[in-house]
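Here are the chains, one letter per residue:
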Amino acid sequence: MTQVLALNDSRQIPQLGFGLWQVPAATTAETTATALRMGYRLVDGAAIYGNEAGQGDGIRRSGLPREDIFVTTKVWNSEQGFDKTLRAADGSLKRLGLDQVDLLLIHWPCPAQDLYLDSWRALIRLQKEGKALSIGVSNFQEPHLERIIGETGVTPVLNQVEINPRLQQPGLRAFHDKHKIVTQSWTPLGQGRSFDAAPVQAAATRAGKTPAQVILRWHVQIGASVIPRSTREAGLRENLDLFDFALTDAEMAAIAALDEGARCGPDPARFNMA
Ligand code: NAD
């Protein structure tokens with residue numbers, strides 16, 4: 001079973017989960033149920049992924065008690081603003097077939113829209129109503145975080161951002177640590193661009209693990225929550241198998257040196273797609 005991380009609202013989140021981006025709607029229930037039966041306890045979804053119905057079905061099909069599963073979804077950019085965010089959350093709950101999610105995130109800050117503060121106020125309301133047990137953000141940068149915290153006094157429990165060996169975001173992670181915000185890594189495998197890197201290969205050979213497992217273990221050891229995606233049963237199983245080995249300090253330092261600040265995804269300061 002996977003380890004848990006403490007959230008700043010006294011709840012906990014499993015450190016390892018699986019992500020549903022680009023998982024076809026028709027097979028999402030099956031993938032979700034398979035992963036949960038295998039041992040995953042955190043399911044990362046989003047309204048824009050178009051598969052929340054399958055996410056909910058998979059949770060029910062797994063046969064696990066609802067309270068054993070940590071369910072995340074996200075409010076899409078076109079739904080930002082106070083009232084629209086409230087309605088978007090209701091829509092997600094309806095599609096999921098759930099009364100509440102464990103974690104609701106604002107998917108992107110979309111600074112040009114300048115609605116993320118109103119959206120954050122809506123998430124605070126939704127938490128009070130019990131529709132989201134915890135609330136957080138995704139793709140927020142320091143100025144966005146400082147603004148919502150400063151204006152509302154409510155600190156997100158988590159910020160889900162792109163992190164992989166070529167994009168380690170040390171400054172943002174230090175800000176998170178200072179404010180007790182959990183860092184959650186998306187595209188943790190970085191589109192495979194570090195699989196052949198010498199420190200990853202060396203650690204994989206030494207530990208008898210795959211490059212993907214070494215990279216996911218690196219996320220675990222930097223203290224991040226991590227949500228790899230695989231639709232293959234063998235891939236899901238491989239990515240779950242991270243807790244019977246550890247990277248040495250020297251291996252961690254060698255992987256830290258791979259950082260080149262290079263993104264796979266968009267720059268949140270400029271991404272405003274609605
Ligand atoms: P990922 O880093 O998890 O990589 C997925 C790719 O790696 C797939 O092609 C998969 O087949 C392959 N893969 C998986 N396990 C492997 C293994 N053991 N060996 C070799 N290849 C393997 O990338 P992702 O899906 O982009 O990100 C993970 C999750 O993060 C998403 O599913 C989604 O839930 C979330 N996400 C969030 C945002 C956001 O804006 N908040 C953006 C992107 C992704």
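For the structure itself, look to the data block above.
The sections below set out a description of the structure shown in this document. (Residues numbered from 1 in each chain as written. Predicted model: local features only at pLDDT ≥ 70, side-chain atom pairs only at ≥ 80, totals over all residues. Heavy atoms only, no water.)

1. Quick word on the pairing of strand 9 (residues 182-186)
It is a general feature of regular strands that their side chains alternate between the two faces of the sheet.
Here's step 1: Most of strand 9 is tucked away, with 5 of its 5 residues classed as buried.
Here's step 2: The alternating pattern of strand 9 places Val182, Gln184 and Trp186 and Thr183 and Ser185 on opposite faces, both of which are buried.
Here's step 3: Direction of pairing for strand 8 (residues 158-162) relative to strand 9: parallel, over a ladder of 5 bridges. In the sheet register, Glu162 faces strand 9, and the bridge partner there is Trp186.
Here's step 4: As a crossover connection, the stretch from strand 8 through helix 6 (residues 170-179) into strand 9 is right-handed. (Buried < 20%, exposed > 50% of the residue type's maximum accessible area, 1.4 Å probe, protein only. Helix = DSSP H or I, 4+ residues; strand = E, 2+ residues; numbered from the N terminus. Pairing = 2+ DSSP bridges. Right-handed = clockwise from strand over helix to strand, strands pointing away.)

2. Some details on the sheet that holds strand 6 (residues 101-106)
Here's step 1: Across the sheet, 8 strands lie side by side as 3-4-5-6-7-8-9-10; this open sheet has parallel pairing. Here the strands that pair on one side only, and so sit at the sheet edges, are strand 3 (18-19) and strand 10 (225-226).
Here's step 2: Where strand 7 (residues 132-138) and strand 8 come together, 2 bridges link them in parallel fashion. Pairing of Val137 across the sheet is with Asn159, part of strand 8.

3. Comments concerning the pattern of salt bridges
Any two side chains of opposite charge can pair, given that their charged atoms come close.
Here's step 1: Under the definition given, this model contains 17 salt bridges.
Here's step 2: Close ionic contact of Arg11 with Asp102 constitutes a salt bridge, the shortest N to O distance being 3.1 Å. Note that Arg11 is positioned in the loop between strand 1 (4-6) and strand 2 (12-14) and Asp102 in strand 6, a separation of 91 residues in sequence.
Here's step 3: Residue class for Arg11 comes out partly exposed when judged on its relative accessible area of 22%.
Here's step 4: Of the charged contacts, one joins Arg166 and Glu260 as a salt bridge, the two residues approaching to 3.9 Å between their closest N and O atoms. Here Arg166, found in the loop between strand 8 and helix 6, pairs with Glu260, found in the segment after helix 10 (249-256); they are 94 residues apart in sequence, far enough to count as distant.
Here's step 5: Overall, the relative accessible area of 52% leaves Glu260 in the exposed class. (Salt bridge = Lys/Arg side-chain N within 4 Å of Asp/Glu carboxyl O.)

4. Some remarks on the site of the ligand
Here's step 1: Surveying the vicinity of the ligand reveals 24 residues, the closest of which are Asp44, Ser138, Leu189, Arg229 and Asn239.
Here's step 2: Within the contact set of the ligand, an oxygen atom lies 2.9 Å away from a side-chain nitrogen or oxygen of Asn139.
Here's step 3: Within the side chain of Asn239, one N or O atom sits 2.8 Å away from a nitrogen atom of the ligand.
Here's step 4: Starting from 830 Å² of accessible surface for the ligand in isolation, the protein chains cover 81%.
Here's step 5: Classifying every residue of the shell around the ligand by side-chain character gives 11 nonpolar, 9 polar and 4 charged. (Near = heavy atom within 4 Å. Polar contact = N/O pair within 3.5 Å; in protein donor to acceptor, adjacent residues only side chain to side chain. Areas by Shrake-Rupley, 256 points an atom, 1.4 Å probe, with all protein chains shown as cover. Nonpolar A, V, L, I, M, F, W, Y, C, P; charged D, E, K, R; others polar.)

5. Quick notes on the packing of helix 1 (residues 25-38) against helix 9 (residues 233-240)
Here's step 1: For the pair helix 1 and helix 9, the least separation of the axes is 10 Å and the interaxial angle reads 35°. In this structure, the crossing between helix 1 and helix 9 has a hand that is right-handed. Across the interface between the two elements, Thr31, Thr34, Ala35 and Met38 of helix 1 pack against Glu233, Leu236, Arg237 and Leu240 of helix 9.
Here's step 2: Among the residues making up the contact of helix 1 with helix 9, the classes are represented as 4 nonpolar, 2 polar and 2 charged. (Axes fitted to C-alpha atoms, helices over the stretch in contact; angles between N-to-C directions. Left-handed = near helix turned anticlockwise from the far one by under 90°. Contact = heavy atoms within 4.5 Å.)

Without other data, these values stay purely geometric and don't point to any function.
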